[in-house]
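As a plain string of letters, each chain reads:
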Amino acid sequence: MAGGVVRMDMFIGFIGCGCAAQTAYAPACAAHAGCVPAAWYDPDEARAAALARTYGGRVFQSMEALLACDIQAVMIDLPIARRVPAICAALKAGRYALCEPPFTMDFDGVWALTSCMFDAPGRLMPAGGLRLARASQAGCEIGGIQSFEASYTCPRPAHAASAMESPAIAAIGALHALLGEPFTDVCAMESPSRADTHLLLCTDSRVTGQLHAGWHGQPGGRVRVYGGGGQAEFALEPVPLRDHADAFLCAVKAGAPLPEDASASLAAHQVALLARRSATEGKRLYVRHG
């Protein structure tokens, strides 16, 4: 895994064999020259065995046994509650790891991942996320962003309990990228069904705005930004998991740095978690990043 060293074959393990593994991770690995689907683990052994029959490789009885074998990277597809232990174990074992956010929905999980990413030899890349169409031009067109209105919706993911999870985290991460700084305080409301959430957000430089996130129909959304020179609008477009899997495998194969930083995703997790607490407690809360 040393930088600049290219190996002829890279052996990839799969921790969790759910929908993402079946439809994106395993097909990407099988199609990527030089990457070999070599190891499979899932709490439901039948799912791991089914993918091993299709793509080859060995089924393991535990995550620990899989990480002890000769693999260079893992692609993780477990329920949210199981993701932090799997990611931390992979990073401590010195592996590249790919996992779809949300990684966790509690602060203990965020702190555990933050600490592990700092200390462990492995590296984590988030899968999925949103693409900001025209984001690089918006600030120039309007003379600097002063405020925004944003919305993003997607179908309800498996294992999700609240719209504060997948749609809110994805949209907050995209807004962080657009504004070039994280949010420092949040006030939120949530519908009784928890299928919709409305957030009021502010950065340290006092860029303010509102975000609606929810579970409805096809994934997609928009952002309208306002500045002294006018306004601009562009789309929030979901990036397919397969695209991130391909980028991850290219980096693994080349022994290169991963193309996306999971620290930015964890910053969005912190804001979403505080938004959930804000909705419960009915008050504005402040974010302490890092």
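Here the residue numbering is sequential within each chain, running from 1 through the sequence in written order. The predicted origin of the model limits local features to residues at a pLDDT of at least 70 and limits the giving and counting of side-chain atom pairs to 80 or more, whereas totals for whole chains, interfaces and linings rest on all residues. Only hydrogens and water are removed before side-chain values are computed, so all heavy atoms of the structure are retained for them.

1. Considering the overall build of the protein chain
Only DSSP runs of H or I reaching four residues or more are called helices, and only runs of E reaching two or more are called strands; each is numbered from the N terminus. Each helix and strand in the protein chain was counted, giving nine helices and 14 strands. Dimensions of the protein chain, computed from the C-alpha atoms along their principal axes, are close to 55 × 40 × 35 Å. Evaluated residue by residue, the protein chain yields a buried proportion of 52% over its 290 residues. With an accessible surface of roughly 12,500 Å², the protein chain has 53% of that area assigned to carbon and sulfur atoms. Lys and Arg are tallied as positive, Asp and Glu as negative. Neither His nor the chain termini are counted. In plain terms, the charge of a residue is placed at NZ if it is Lys, CZ if Arg, CG if Asp and CD if Glu. Charged side chains of the protein chain number 23 positive and 26 negative; the gap between the two group centres comes to 2 Å. A 1.4 Å probe rolled over the protein chains alone gives each residue an accessible area, and that area as a share of the maximum for its type sets the label: buried under 20%, exposed over 50%, partly exposed in between. Values of accessible area rely on a 1.4 Å probe in the Shrake-Rupley scheme; residue burial ignores everything except the protein chains shown.

2. Focus on helix α7 (residues 166-179)
Each residue after the first adds 1.5 Å to the expected span of a helix. A rise of 1.5 Å per residue sets the reference length of α7, with its 14 residues, at 20 Å; its end C-alpha atoms lie 20 Å apart and thus fit the reference within 8%. Of the residues making up α7, those classed as buried are S166, P167, A168, I169, A171, I172, A174, L175, H176, L178 and L179. Downstream of α7 by a residue or two, G180 has a phi angle that is positive, lying close to 75°.

3. Here's the deal with the confidence of the model for the protein chain
With 94% of its residues at a pLDDT of 70 or more, the protein chain has an overall mean of 91. Values of pLDDT, ranging from 0 to 100, describe the predictor's confidence in every residue of the model. The contact criterion used is simple: two residues touch if any of their non-hydrogen atoms lie within 4.5 Å. Between residues 1-6, whose pLDDT stays under 50, and residues either more than four places distant or in other chains, the model counts 13 contacts.

4. Description of the side chain of T153
Of note, T153 is situated in strand β8 (residues 147-154). With relative accessibility at 17%, the residue T153 sits in the buried group. For T153, the side chain forms a polar contact with the main-chain oxygen of H216, separated by 3.3 Å. In this view, T153 contacts H212, G214, H216, Q218, P219 and G220; residues no more than four positions away in its chain are not counted. We define a polar contact as two N or O atoms separated by no more than 3.5 Å, with the added condition that, inside protein, one atom must be a possible hydrogen donor and the other a possible acceptor, whereas residues neighbouring each other in sequence contribute only through side-chain atom pairs.

5. Concerning unusual backbone geometry
With omega at 0°, the peptide bond leading from P101 into P102 counts as cis. Tracing the chain through its elements places P102 in the loop between β5 (96-99) and α5 (107-119). In this structure, R194 is a non-glycine residue whose phi angle is positive, near 65°. With respect to the secondary-structure elements, R194 resides in the loop between β9 (183-190) and β10 (196-203). For R194, a relative accessible area of 31% puts it in the partly exposed group. Located in the positive-phi region is R206, a residue other than glycine, with phi close to 75°. On the accessibility criterion, R206 (47% relative accessible area) is partly exposed.

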